[in-house]
Amino acid sequence: MSDFSEELKGPVTDDEVETSVLTGAGMHFPWLQTYIETVAIGGKRKKDFAQTTSACLSFIQEALLKHQWQQAAEYMYSYFQTLEDSDSYKRQAAPEIIWKLGSEILFYHPKSNMETFNTFADRMKNIGVMNYLKISLQHALYLLHHGMLKDAKRNLSEAETWRHGENTSSRGILINLIQAYKGLLQYYTWSKKKMELSKLDKDDYAYNAVAQDVFNHSWKTSANISALIKIPGVWDPFVKSYVEILYQIVPSHKLMLEFHTLLRKSEKEEHRKLGLEVLFGVLDFAGCTKNITAWKYLAKYLKKTLMGNHLAWVQDEWNSRKNWWPSFHFSYFWAKSDWKEDTALACEKAFVAGLLLGKGCRYFRYILKQDHQILGKKIKRMKRSVKKYSIVNPRLSY
Amino acid sequence: MDLEEAEEFKERCSQCAAVSWGLTDEGKYYCTSCHNVTERSQEVINTDLIPNTQIKALNRGLKKKNNSEKGWDWYVCEGFQNILCQQAEALKNLGIGPELKNDVLHNFWKRYLQKSKQAYCKNPVYTTGRKPTVLEDNLSHSDWASEPELLSDVSCPPFLESGAESQSDIHTRKPFPISRASQSETSVCSGSLDGVEYSQRKEKGVVKMTVPQTLAFCYLSLLWQREAITLSDLLRFVEEDHIPYINAFQHFPEQMKLYGRDRGIFGIESWPDYEDIYKKTIEVGTFLDLPRFPDITEDCYLHPNILCMKYLMEVNLPDEMHNLTCHVVKMTGMGEVDFLTFDPIAKMAKTVKYDVQAVAIIVVVLKLLFLLDDNLEWSLSNLAEKHNEKNKKDKPWFDFRKWYQIMKKAFDEKKQKWEEARAKYLWKSEKPLYYSFVDKPVAYKKREMVVNLQKQFSTLVDSTATAGKKSPSSFQFNWTEEDTDRTCFHGHSLQGVLKEKGQSLLTKNSLYWLSTQKFCRCYCTHVTTYEESNYSLSYQFILNLFSFLLRIKTSLLHEEVSLVEKKLFEKKYSVTKKKSRSKKARRH
């Protein structure tokens, strides 16, 4: 062995003397990295507590991804200590993280049940004031998912009246969401009740009571939701249910036009039929006779419907109206008056009149006779369409 | 509700005209004769009569009727003493002789108190004019061998009764001026009497006591006794909760309340770091002016010859390698008594890293035998494999590849389990630490919440999975000949990598590369850095394996390896120096 020292030969040449300490690309100090990382925390070394809890979090997330509920629960057990983190920022963020992960575990774990979930949710709600609303909302959704509508509604009602905590913007949003879902649940109950009602015979002694109940319910629900949708945001699912209720109770509401636009875009036939109904519904009312949008929509939609071979739909609607609409909307008097007041409106009405009453109707003929620089071409086009599509047209009546 | 608790309230009762007041749970005065409750609460009164409201409030435990709220008066160093006691006791349970606790550690501690002028000296120093006489008496009377009790013992009544009993009257019988005055003014407080002041204390030349430093004391004692526990063993036992450290304050007596600044002093949330404790050991040893420690001779556990054997066994390397490690020890002089023995006063104070040094020697030997250049070790393995196939009856030649495969698997498994255990570690104690009395109910509520949540989730966890605490062991890996699943390489032969040359054996490998070509000569704490990508994968694996074993950073081990090589190849280093100098001259 003593020969050894003579037989030594470093494989590194003299030129590379520097590189065993420094990397080829310049200076590198591995130990410096850890110090740089401490800049964010004010120069103090990261505590092992922080390191192990973040490792714990990774393990939980990994276990959840792999659907290893048991493992996730094991790590969760240890993760609860972050609620006592001496770092106040982390301590405040902990309840939300724990709720998200814990609720997921309890949702899927085979040994878990509704009771455990509810206990957990109630506990998490009461840790600090910041999380009550959010957790309540999510808890309610969970209950909904499991078909526990009454419990969900109760939850939401409780949450709605909760007055603690800061008045932040997110709090506002959460309250709105809570109200929205509550409204949705009310809509669902209303819908069910309506269904019940439709099954009852009008002469049935219970009918009135149920009808009254439905009616009251409608107003309550619509009141809730109407307040809600005044707030900017995307409320589509809620609006639909609101509008449906409104349609029952206030068909002439201006929202009906928007409802119509939604309906006509739908893929479902029944929705599109309803779209037509809605339009006719709106124009049944005196207050809307001069609503140009309604007429425009109706004109367009009628044409589309007739082009789409849905004569039956139009006839359905027209049957109940053909006795009174002509004098209500399409009298000679109206023709003169509308044309004088608003030529565009008159045009649209004329088109509708033409489609429904045929080219011989007074309204249509009057507008046709009028000379107008801008609308002239449009009127001519109208004439052609009416010829082609009017329901009075013998060609199409089959 | 205690009678006549509120002596300071002197008004007559509006209903019965008596002057006999007690305190309700909410801290309001009530007449003890007719039970008429007033709206006056205690603090309001105090502001009028006594200047330092908060002292009184603290002493009375604010609104709580439980007067032991404040607990005993205690000093921070008493807390440390308690922890040291606990640790010594734990070491005793591990098999260390009782002299460590009763004699060695106790003496070191007393000496520390003396040197830091906290006790056992003529004029113990405290700030704000505190009279420390009581503490001094207590410490000198303290019986170390008794249970880890508060120093302010029952044997000294005036000291104890303050606040502990409802009848005591603090403002008439003060053994010392209440130092809390300074605390209440700044609205920072602590359970200990000097907690706030302690955390701000910055005395030059005095080594301030901290929780990590308790381990330095333990290690010094172990070293003095030359016990068979290395520093890495000690720290590993701490990590495995066999030695109190993380929540040691939990076992303080009930009446020793911790809060406020005590948190920062006693509430540790990191495991001890080898280099840190090592540094502190040297520091404390120097500060205490300790003499040369008992010699570390060849028969000591801490001698590299013995430690190398231990580690070779632990990582499943052949016993035959031991000859080589002994040889390296001899050549480098690392087995010399003077090299190994800790002498704080002398300059050779920095050699107590016995475990790291032993492991570094093994690494050097592995490099000597196998070069570890990601090439030679595998070709040598091929030869060994061929030979072993042909000669199944003989002692098998050590096959590096086989060893690597088995060791890597075992190492990966162990490391994974270790990481999982760490992720699950519960740092928070049953006794929550809180900032102040205002914070206390919140802290306790949180704790209750956590405990409830844990209870709920423990029903979801399979109870058989949670194994009991492992019993402490010096070995982390165990290999036996009888185990057929995993080959035990202890008995394997190094014939495949050695060759005979006359009387002596030489390694077949004739090359070597140095872990560090050039050492840093500036004042930084390290003499070299470790950039992994510069080194072979085999070398990286070896370093990772041993670093994990000792729970140290790979850079520390790499440095130690470099230092061993520096001693071993002294000539080479001076040769390199000459060469580079001449080259430089040529360049110019």
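Looking at an unreviewed UniProt entry, chain B carries the name TATA box-binding protein-associated factor RNA polymerase I subunit B, with the source organism given as Rhinopithecus bieti. Per UniProt, the comment on chain B under Subcellular location (unreviewed entry) is "Nucleus, Nucleolus". Note on chain B: under the UniProt heading Sequence similarities (unreviewed entry), the record states "Belongs to the RRN7/TAF1B family."

You'll find chain A entered in an unreviewed UniProt entry as TATA-box binding protein associated factor, RNA polymerase I subunit A, with Rhinopithecus bieti given as the organism.

*Asks:* Describe the overall build of chain A, and please don't skip the residues or the numbers.
*Replies:* When you go through chain A residue by residue, the secondary structure sums to 19 helices and zero strands. Sequence separation of at least 24 residues holds for 59% of the intrachain contacts in chain A that already meet a minimum separation of 6.

*Asks:* So, the overall build of chain B: which residues are in play, and what are the values?
*Replies:* If you tally the helices and strands in chain B, you get 22 helices and five strands. Considering only contacts in chain B between residues 6 or more positions apart, those separated by 24 or more positions represent 68%. Only carbon and sulfur atoms are counted for the fraction: they give 52% of the accessible area of chain B, which is about 27500 Å².

*Asks:* Now, about the side chain of Glu227(B): what can you tell me, with residues and values included?
*Replies:* Residue and element names in this part refer to chain B. Tracing the sequence through the fold places Glu227 in the loop between α9 (211-224) and α10 (231-239). Comment: no salt bridge for buried Glu227; closest opposite-charge side chain is Arg226, at 9.3 Å. In this view, Glu227 contacts Ile96, Gly97, Leu222 and Leu302; residues no more than four positions away in its chain are not counted.

*Asks:* Can you break down the packing of helix α13 (residues 292-307) of chain A against helix α14 (residues 311-319) of chain A residue by residue, with the values?
*Replies:* Residue and element names in this part refer to chain A. Running from N to C, α13 and α14 cross one another at 130°; their axes reach a closest spacing of 7 Å. The angle between α13 and α14 falls in the class oblique. The residues of α14 that touch α13, namely those facing Leu302, Thr305 and Leu306, are Leu311, Trp313 and Val314.

*Asks:* So, the pairing of strand β5 (residues 504-507) of chain B: which residues are in play, and what are the values?
*Replies:* In this structure, strand β4 (residues 498-501) of chain B lies alongside β5(B), joined through four bridges in antiparallel fashion. In the sheet register, Lys499(B) faces β5(B), and the bridge partner there is Leu506(B).

*Asks:* Mind laying out helix α6 (residues 132-145) of chain A, listing which residues take part and the relevant values?
*Replies:* All names here are of chain A. With 14 residues, α6 extends 20 Å from end C-alpha to end C-alpha; this agrees with the ideal 20 Å at 1.5 Å per step. Buried residues of α6: Tyr132, Leu133, Ile135, Ser136, Leu137, His139, Ala140, Tyr142 and Leu143, and no others. Just downstream of α6, Gly147 is the residue with a positive phi angle, here 75°.

*Asks:* So what about the nonpolar core? Which residues, and what values?
*Replies:* All names here are of chain B. Membership of the largest hydrophobic core comes to 134 residues, with the highest contact counts inside it found for Phe217, Phe266, Trp403 and Phe546. Lining this core are residues from two domains, each supplying at least three of them: domain 2 (72-121 + 189-290) and domain 3 (305-424 + 489-577). Sequence-distant contacts of Phe546, that is, excluding residues within four places in its chain, are made with Val315, Val359, Ile362, Val363, Leu366 and Leu557.

*Asks:* Kindly report on unusual backbone geometry, identifying the contributing residues and their values.
*Replies:* All names here are of chain B. One non-glycine residue, Arg226, lies in positive phi territory at about 55°. Residue position: Arg226 is located in the loop between α9 and α10. Residue classification places Arg226 among the partly exposed positions, given a relative accessible area of 36%. At Asp289, a residue that is not glycine, the phi angle is positive and equals roughly 55°. With respect to the secondary-structure elements, Asp289 resides in the loop between α12 (274-287) and α13 (304-314).

*Asks:* Requested: an account of the environment of Leu177(A), with residues and values cited.
*Replies:* Residues and elements named next belong to chain A. Looking at the secondary structure, you find Leu177 in helix α8 (residues 169-199). Its relative accessible area of 27% is what places Leu177 among the partly exposed residues. Distance from Leu177 to Leu156, taken between C-alpha atoms, is 9.6 Å for residues 21 residues apart in sequence.

*Asks:* So, the confidence of the model for chain A: which residues are in play, and what are the values?
*Replies:* All names here are of chain A. In this model, chain A carries a mean pLDDT of 77, and residues with pLDDT of at least 70 account for 74%. Here helix α1 (residues 30-37) stands out as the least confident element of chain A, with mean pLDDT 61; helix α2 (residues 48-65) is the most confident, with 94. Contacts from residues 1-24, a stretch scored under 50 in pLDDT, to residues over four places away or in other chains number 45 contacts.

*Asks:* Give a detailed account of the packing of aromatic side chains, specifying residues and quantitative values.
*Replies:* The full count for this structure, using the stated rule, is 57 aromatic pairs over all chains. An aromatic cluster is defined as three or more aromatic residues linked by ring pairs; in this entry it consists of Phe370(B), Trp378(B), Phe398(B), Phe400(B), Trp403(B), Tyr404(B), Phe411(B), Trp418(B), Phe489(B), Phe541(B) and Phe548(B). Over the face of the ring belonging to Tyr198(B) we find Lys208(B), whose NZ or CZ atom lies 5.2 Å from the ring centre. It is Lys428(B) that lies over the ring of Phe49(A); its NZ or CZ is 5.0 Å from the centre.

*Asks:* Describe in detail the pattern of salt bridges, supporting the description with residues and values.
*Replies:* For the coordinates displayed, the defined rule picks out 35 salt bridges over all chains. Asp151(A) is the salt-bridge partner of Arg154(A), the closest N and O atoms lying 2.5 Å from each other. Here Arg154(A) and its partner Asp151(A) are both found in helix α7 (residues 149-160), three residues apart, which amounts to about one turn of the helix. A relative accessible area of 48% places Arg154(A) in the partly exposed class. Between Asp412(B) and Lys408(B) there is a salt bridge, and its shortest N-O distance comes to 3.1 Å. In this pair, Asp412(B) and Lys408(B) are both assigned in helix α18 (residues 400-423), four residues apart and thus about one turn of the helix distant.

*Asks:* Tell me what's going on with a positive patch on the surface, and back it up with residues and numbers.
*Replies:* Together, Lys359(A), Lys380(A), Lys383(A) and Lys387(A) give the surface a local cluster of positive charge. You can see Lys380(A) is positioned in helix α19 (residues 376-389).

*Asks:* Could you give an account of the environment of Ile306(B), with specific residues and numbers?
*Replies:* All names here are of chain B. Relative to the helices and strands, Ile306 resides in helix α13. Overall, Ile306 belongs to the partly exposed group, its relative accessible area being 29%. Separated by 52 residues in sequence, Ile306 and Ala358 place their C-alpha atoms 8.8 Å apart. Setting aside residues no more than four positions away along its own chain, Ile306 makes contact with Glu298, Asp299, Cys300 and Tyr301.

*Asks:* How would you summarise helix α18 (residues 362-369) of chain A if you had to cite specific residues and measurements?
*Replies:* All names here are of chain A. Every buried residue of α18 is listed here: Tyr363, Phe364, Tyr366 and Ile367. Down the axis, α18 shows its buried residues gathered within 165° of arc, on one side only. Packing partners of the buried residues in α18 comprise α15 (325-329), α16 (332-341), α17 (343-357) and α19.

*Asks:* How would you summarise the confidence of the model for chain B if you had to cite specific residues and measurements?
*Replies:* Residue and element names in this part refer to chain B. Per-residue confidence for chain B averages 78 on the pLDDT scale, and 74% of its residues sit at or above 70. Element-level pLDDT for chain B is lowest in helix α6 (residues 157-161), with a mean of 25, against a maximum mean of 96 in helix α20 (residues 537-550). For the stretch residues 44-67, pLDDT sits under 50, and the model shows 47 contacts to residues farther than four places along the chain or on other chains. Taken together, the stretch residues 580-588 has pLDDT below 50 and engages in three contacts with residues farther than four places along the chain or on a different chain. With pTM at 0.67, the complex prediction returns an ipTM value of 0.74.

*Asks:* Account for the packing of helix α3 (residues 76-93) of chain B against α9(B), naming residues and giving values.
*Replies:* Residues and elements named next belong to chain B. Contact geometry of α3 with α9 gives a least axis separation of 10 Å together with a crossing angle of 45°. By the angle class used here, α3 and α9 are oblique. Read as a crossing pair, α3 and α9 show a hand that is right-handed. For the pair α3 and α9, contact is made by Phe80, Ile83, Leu84, Gln87 and Leu91 and by Val211, Thr214, Leu215, Phe217, Cys218 and Leu222, respectively.

How each quantity is defined
- Residues numbered from 1 in each chain as written.
- Chains lettered and ligands numbered in written order.
- Predicted model: local features only at pLDDT ≥ 70, side-chain atom pairs only at ≥ 80, totals over all residues.
- Heavy atoms only, no water.
- UniProt positions renumbered as here; feature names shortened; annotations may be inferred.
- Helix = DSSP H or I, 4+ residues; strand = E, 2+ residues; numbered from the N terminus.
- Contact = heavy atoms within 4.5 Å.
- Areas by Shrake-Rupley, 256 points an atom, 1.4 Å probe, with all protein chains shown as cover.
- Buried < 20%, exposed > 50% of the residue type's maximum accessible area, 1.4 Å probe, protein only.
- Lys, Arg positive; Asp, Glu negative; His and termini not counted.
- Salt bridge = Lys/Arg side-chain N within 4 Å of Asp/Glu carboxyl O.
- Axes fitted to C-alpha atoms, helices over the stretch in contact; angles between N-to-C directions.
- Parallel < 35°, antiparallel > 145°, perpendicular 65-115°, else oblique.
- Pairing = 2+ DSSP bridges.
- Expected span 1.5 Å × (residues − 1).
- Core = buried A, V, L, I, M, F, W, Y, C linked by side-chain atoms within 4.5 Å.
- Domains from an automatic or database assignment.
- pLDDT = per-residue confidence, 0-100.
- Phe/Tyr/Trp six-rings, centres within 6.5 Å; stacked < 30°, edge-to-face > 60°.
- Lys NZ or Arg CZ within 6 Å of the ring centre and 35° of its normal.
- Patch = residues over 30% accessible without salt bridge, like charges linked within 9 Å, V, L, I, M, F, W, Y side chains within 5 Å.
- Charge placed at Lys NZ, Arg CZ, Asp CG, Glu CD.
- Arc of directions from axis to C-beta.
- Left-handed = near helix turned anticlockwise from the far one by under 90°.

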